Amino acid sequence: MLKAITLGLMSLGALAAAAFETPVEPLADASAFTPASPRYLPSQNAPEKAPSIPKGEWTVVGTGKWFDDLFSYYQVVAPGDMWEVTVEESSTTPGWYRLLPYGPGSPVADYMGDDDTENYVYINATNPDKVYIPDFDVFGSYKVSQHVDENGWWDETEYGILDGGIITFPADCFCHRVPEAGGPWVRINNSGKTRLALPGSNPEDYTFKLESPFCVDDEGNVRLVFTIGEDIPMVKYVLLEGEYFAEGNNVDLIVAQGSDLKGTVLRATPRKRCMFSLLAVALDHGGDVVATADCHFFGPDSADGDTWVQAGEASFTESIFVPLYTNLSAETLIVPYEESVEHPGRIRLVNPYSVHGFNPVVDHGHGHYLYIDATARTAVYVEASPIGVDFGGGESAVWSWAGRYVEYGMASEAYNEGLFGTRSGNVITMPDNTLLVGEKGYSGGTFSTTGRGFRISLSPKSSGIEAVGVDTSAPARYYRLDGTELAGEPSAAGIYIRRAAGRAEKIIVR
């Protein structure tokens, strides 16, 4: 269910002076919201047809606007991000156009650190009702194919349309693959935002972005800032506890249940230490959805709910950011750690990057923690949390695939897929490529896979959590991972929490 959280609505100009807050309207059924997943095509073979591109001269007709929803699959750009391009038209066959959308000055070229000035995108708009793009390469590595008969996809005809000087393409009509990596063709243009505004046309300004930090400020607030195009008269939003995205069926739910945005800034004051998702849709004057946006942030560590005691020192081999940055080398960081009184085995490293040689710590005025649930020695995972560092990609948060699976109620699947780490004595390890990191400077903080050689060695103090008095005679009690207590010892397959003699541990029932 959607948890209570307070928002203040204000304009950018009034942000400094205004202080009023408005509570969010709770959703009737937050469980109806689901994250989307990419769709894969069964074929792994390149299309066999090759459309004939006109030969001869090409004439520059002016500067157009390219709206990209192809590289949004990689979170390089947001769906529908726009930049100017030079458009050329065939001198022998009018209606054929070509451009270099990933050339100098494009956000994709800036992200890749290279300009693609060799691979033109050709567009056949000779029939305004059947516009298509022949197969093309990007940066010599990415192959893109529109799902139309001319490109060899005989089973579908997903053409674009030229209307009023603007070429639009339907959602999911393109697919791509990286031949060197193998694997199937994957659908892209998932939001249907890829389009070309030819020179002289006047496309609507549907610019729509949403930005926020991961971490609360020193007053416990998170500010969510919108950038809204002049042709967007209305924005609706919902706030959810957990990880959700403004995609698929969620878009309809936001339209039906969302609150109207007033101004361009929301101020959230979360009351729980967990991830929150702000999902938003932009509507045109006809009430149709023209853009979507989402962002994620966390509640404060002070709202965790457990009682924490100093437990000793931890020797942490940094293995989260090293795989991402070639200028970093592995460092062993020795920092204090704490342990939960209520959930022994759940630990958190205190300001784990405060002693890192790169000095990546962000000045937030409060501490940060790396949370690890090691209550079950064979089912260890990293909990989602901001860690207050910036190695160059913006404020960061960490997680693990196992932790993500647990969040989605898929702990058994995580165990079967080998995503959990282990604790052997006082040494905690995680399998390679099972950690997650999000950096706000890259795609708004979308989590991506990382992790190599993750290891924490604990040096516990002789006193600490063991000193807390417990009732060792009470019978064992059992709980689901969501905290629901069972009537007795579980028999159904799954992962459960067993509490006895003052200790809690996860058990696996097969």
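Residues numbered from 1 in each chain as written. Predicted model: local features only at pLDDT ≥ 70, side-chain atom pairs only at ≥ 80, totals over all residues. Heavy atoms only, no water.

### Some thoughts on the overall build of the protein
- Within the protein, the secondary structure is distributed over four helices and 35 strands.
- Buried residues in the protein amount to 50% of all 510 residues.
- For the protein, the accessible area works out to roughly 23100 Å², and carbon and sulfur atoms hold 47% of it. (Helix = DSSP H or I, 4+ residues; strand = E, 2+ residues; numbered from the N terminus. Buried < 20%, exposed > 50% of the residue type's maximum accessible area, 1.4 Å probe, protein only. Areas by Shrake-Rupley, 256 points an atom, 1.4 Å probe, with all protein chains shown as cover.)

### Concerning the packing of aromatic side chains
- Scanning the model with the defined rule gives 24 aromatic pairs in all.
- Their ring planes at 55° and their centres at 5.9 Å tell us that Phe214 and Phe298 sit as a pair that is tilted. You can see Phe214 sitting in the loop between strand S14 (208-211) and strand S15 (222-228) and its partner Phe298 sitting in strand S20 (residues 289-298), a full 84 residues away along the chain.
- Connected via pairs of aromatic rings, a cluster forms that spans Phe316, Phe321, Tyr325, Tyr353, Phe358, Phe391 and Phe454.
- Just above the ring of Trp401 sits the side chain of Arg404; from NZ or CZ to the centre is 5.0 Å. (Phe/Tyr/Trp six-rings, centres within 6.5 Å; stacked < 30°, edge-to-face > 60°. Lys NZ or Arg CZ within 6 Å of the ring centre and 35° of its normal.)

### Thoughts on the sheet that holds strand S6 (residues 121-124)
- Within the open sheet, the seven strands sit side by side as S6-S5-S4-S3-S13-S10-S9. Their pairing is antiparallel. The sheet is open, and its two borders are formed by S6 and strand S9 (161-163), each paired with just one other strand. Strand-to-strand twist across the sheet, computed as the mean angle between neighbouring axes with direction ignored, equals 30°.
- Alignment of strand S10 (residues 166-168) against strand S13 (residues 195-197), held across three bridges, turns out to be antiparallel. What sits directly across from Thr168, in S13, is Arg195. (Pairing = 2+ DSSP bridges. Axes fitted to C-alpha atoms, helices over the stretch in contact; angles between N-to-C directions.)

### Looking at the confidence of the model for the protein
- When pLDDT is averaged along the protein, the result is 84; 86% of the residues meet or exceed 70.
- With pLDDT under 50 throughout, residues 36-46 is counted as low confidence; its partners more than four residues away or in other chains account for 25 contacts. (pLDDT = per-residue confidence, 0-100. Contact = heavy atoms within 4.5 Å.)

### Let's talk about the pairing of S14
- The alternating pattern of S14 places Phe208 and Leu210 on a buried face and Lys209 and Glu211 on a face that is not buried.
- The sheet contact formed by S14 and S15 spans four bridges and is antiparallel. By the bridge assignment, Glu211 is partnered in S15 with Val225.

### Regarding the environment of Gly421
- With respect to the helices, strands and loops of the structure, Gly421 is situated in the loop between helix H4 (411-416) and strand S28 (422-424).
- Given the relative accessible area of 1%, Gly421 is considered buried.
- Separated by 19 residues in the primary sequence, Gly421 and Ala402 have C-alpha atoms spaced 8.3 Å apart.

### Considerations on a nonpolar patch on the surface
- Where nonpolar side chains cluster on the molecular surface, the patch consists of Tyr111, Met112 and Tyr442 and spans about 270 Å² of accessible area.
- Tracing the sequence through the fold places Met112 in helix H1 (residues 107-112).
- For Met112, a relative accessible area of 32% translates into the label partly exposed. (Patch = residues over 30% accessible without salt bridge, like charges linked within 9 Å, V, L, I, M, F, W, Y side chains within 5 Å. Salt bridge = Lys/Arg side-chain N within 4 Å of Asp/Glu carboxyl O.)

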